[in-house]
Amino acid sequence: MPMIDTNIVQHCIPTDPTMKLVKQKLRRMKPEWILKIKEEVEKQYNAGFLRVVNYSEWLDNVVLVPKKDGKVRMCVDFQDLNKASPKDDLPLPHIDVLVDKIAGHALLSFMDEFLGYNQIKIALEDMEKTSFIIPWGTNCYKVMTFGLKNAGATYQHPATTLLHDLIHKEVEVYVDDMIVKSKDHAGHMPALSKFFERIWNVTQKSIKGRVIADNLAHCSPEEAEEIQGDFSDEDIMGIEVESWKMYFNRATNQNGSGIGVLIISPKGTHIPFSGRLNFLATNNAIEYKAYIMGLRAALSLGVKELEVYGDSTLIISQFQNKRKIKEERLVPYHECLQKWASKFNKVQYQYVPRMKNQIVDALATMASMMDRPKEDETRPIVLEHKEEPANYCMTIEKDEEKNGEGEWYSDILQYLKDGTYPPSPDKND
């Protein structure tokens, strides 16, 4: 789902420092409701709305609200967080005033923004304040969600800015609901055209930003500078720069140590890196080496914003400066890491379960077990998924109707079918 550029709007959650931080305990629920919560969390996680969090100062429970169609809506009990958060002073339109504004018009076109709330990102420093607890762990929202105190005002801000000169004339806006109105039939199409032209222009400028980012992703830094000059900045209101993703891991066994990195572009292109360490080091030091290698590789691709995923809570916490480094030998690694990370516009660290980190784990394991000459270079690895047996396997299956009579594999086929041996087997068989 496309996200609104954070330079245009993002949801911030300021909190009163004098208020007590609240971490709610997990509530008991019906077993059938717990399964529905798991299903909804998986859906939102796969959509990119959630991320895993392990050490949060705020923690809330989820609440299921039954819907008329028999389904349920999962909400988070943000009462404690909302009490500590000041109210946004932007006033929402009065419903009675809106009704008066549209009264007497011949035609009205009603529009509702589809999943509009989920297109606005939460400020990076405030994401963990939305943490909630379920039986399978703790997560937090990366996008604005229902229940937050100033969610309506945050959405009203860009809507009012975008349509400020049309409001109370051709358009009325209430949060994510919009109405295009006209006094007569002849004036309705021009009003709709003006509204959609405004939306279209902003959308195209956002798309243009993504096109620029995708083009620069496949160029060297020198080529990128030349290409950037080919795109005019005239009338651009906001450019959405999508983040790249980087997964890293290490592997240590009796053969040695290896590190693996996987970089994923906004378009979904997977770029693997791996390396073998021919010296002794602690597991934590090897994790740092993997991360540093990934940062250098990302910079060589011209990446400016990066989401980093690792399956070590200790290392991720150290990257975020939430935990002190007790091993003195890790301090130089950490300083080197900070130097490379400072070259990015933004770096975001996230913990990911080991099961979702399998590709880089395999890359690291492969590198640790390969003892090859230094001048050799392994080609990119292609992983294929076969949904059907090979043609020769299909041929044997088709011959089952004939019981393989007269074929070299007839005895083998008979044994696989019913476990019987040939009529007169000898010792050689």
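Not measured: the values here are computed from a predicted model.

To continue, consider the overall build of the protein. Within the protein one finds twelve helices and 13 strands. Counting over 429 residues, the protein shows a buried share of 38%. Contacts spanning at least 24 positions in sequence make up 70% of the contacts within the protein whose residues lie at least 6 apart. For the protein, the accessible surface area stands at approximately 26500 Å², while carbon and sulfur atoms represent 53% of it.

We now examine the nonpolar core. One broad trend across soluble globular proteins is that nonpolar side chains are buried collectively. With 30 residues, the main nonpolar core has Phe 248, Tyr 291, Leu 306, Phe 319 and Tyr 349 as its most contacted residues. Only β9 (244-253), β10 (256-264), α7 (283-300), β12 (305-310), α8 (313-319), α9 (331-341) and β13 (346-351) provide two or more residues apiece to this core. Discounting chain neighbours no more than four positions away, the residues touching Tyr 349 are Arg 51, Tyr 291, Val 308, Ile 316, Phe 319, Gln 320, Leu 337 and Ala 341. Among the nonpolar cores identified, the runner-up in size contains 26 residues, and Leu 50, Val 76, Met 144 and Val 175 belong to it.

Read from one edge of the open sheet, five strands run β11-β10-β9-β12-β13, paired in mixed fashion. The two strands at the open ends of the sheet, each matched to only one other strand, are β11 (270-277) and β13. Each strand of the sheet is rotated relative to its neighbour by a mean of 20 degrees, with strand direction disregarded. As judged from the eight bridges shared by β10 and β11, these two strands associate in the antiparallel manner. Each residue of the ladder has a partner; that of Ile 264, found in β11, is His 270. Relative to the sheet, helix α10 (residues 358-369) contacts β9, β10 and β11, its axis offset from that of β10 by approximately 145 degrees.

Attention shifts here to the environment of Trp 244. When you line up the elements, Trp 244 lands in strand β9. The exposure class assigned to Trp 244 is buried, which follows from its relative accessible area of 7%. With 22 residues separating them along the chain, Trp 244 and Pro 266 place their C-alpha atoms 5.6 Å apart.

What follows covers the sheet that holds strand β1 (residues 50-52). The pairing of strands in a sheet happens through backbone hydrogen bonds and is either parallel or antiparallel. Across the sheet, which stays open at both edges, the five strands sit in the order β1-β6-β5-β2-β3 with mixed pairing between neighbours. The open sheet is flanked by β1 and β3 (72-76), the only strands paired with a single partner. Here the strands of the sheet are splayed against their neighbours by 45 degrees on average, with no regard to which way each runs.

With that settled, the discussion passes to the confidence of the model for the protein. Averaged over all residues, the pLDDT of the protein equals 77, while 78% of them reach at least 70. Under a pLDDT of 50 for its full length, residues 207-218 has, in the predicted model, 18 contacts with residues more than four places off or in other chains. When the criterion is pLDDT under 50, residues 233-240 qualifies, and its contacts beyond four places in sequence or with other chains add up to 17 contacts.

All right, on to the packing of α7 against α9 then. Running from amino to carboxyl end, α7 crosses α9 at an angle of 20 degrees, the nearest separation of the two axes being 10 Å. When the axis of α7 is compared with that of α9, the two are roughly parallel. At the point where α7 passes α9, the crossing takes the left-handed sense. On α9, the residues that touch Ala 285, Tyr 288, Lys 289, Tyr 291, Ile 292, Leu 295, Arg 296 and Leu 299 of α7 are Tyr 333, His 334, Cys 336, Leu 337, Trp 340 and Ala 341. The residue inventory of the contact of α7 with α9, partitioned by class, reads eleven nonpolar, one polar and two charged.

The rules we used
- Residues numbered from 1 in each chain as written.
- Predicted model: local features only at pLDDT ≥ 70, side-chain atom pairs only at ≥ 80, totals over all residues.
- Heavy atoms only, no water.
- Helix = DSSP H or I, 4+ residues; strand = E, 2+ residues; numbered from the N terminus.
- Buried < 20%, exposed > 50% of the residue type's maximum accessible area, 1.4 Å probe, protein only.
- Contact = heavy atoms within 4.5 Å.
- Areas by Shrake-Rupley, 256 points an atom, 1.4 Å probe, with all protein chains shown as cover.
- Core = buried A, V, L, I, M, F, W, Y, C linked by side-chain atoms within 4.5 Å.
- Pairing = 2+ DSSP bridges.
- Axes fitted to C-alpha atoms, helices over the stretch in contact; angles between N-to-C directions.
- pLDDT = per-residue confidence, 0-100.
- Parallel < 35°, antiparallel > 145°, perpendicular 65-115°, else oblique.
- Left-handed = near helix turned anticlockwise from the far one by under 90°.
- Nonpolar A, V, L, I, M, F, W, Y, C, P; charged D, E, K, R; others polar.

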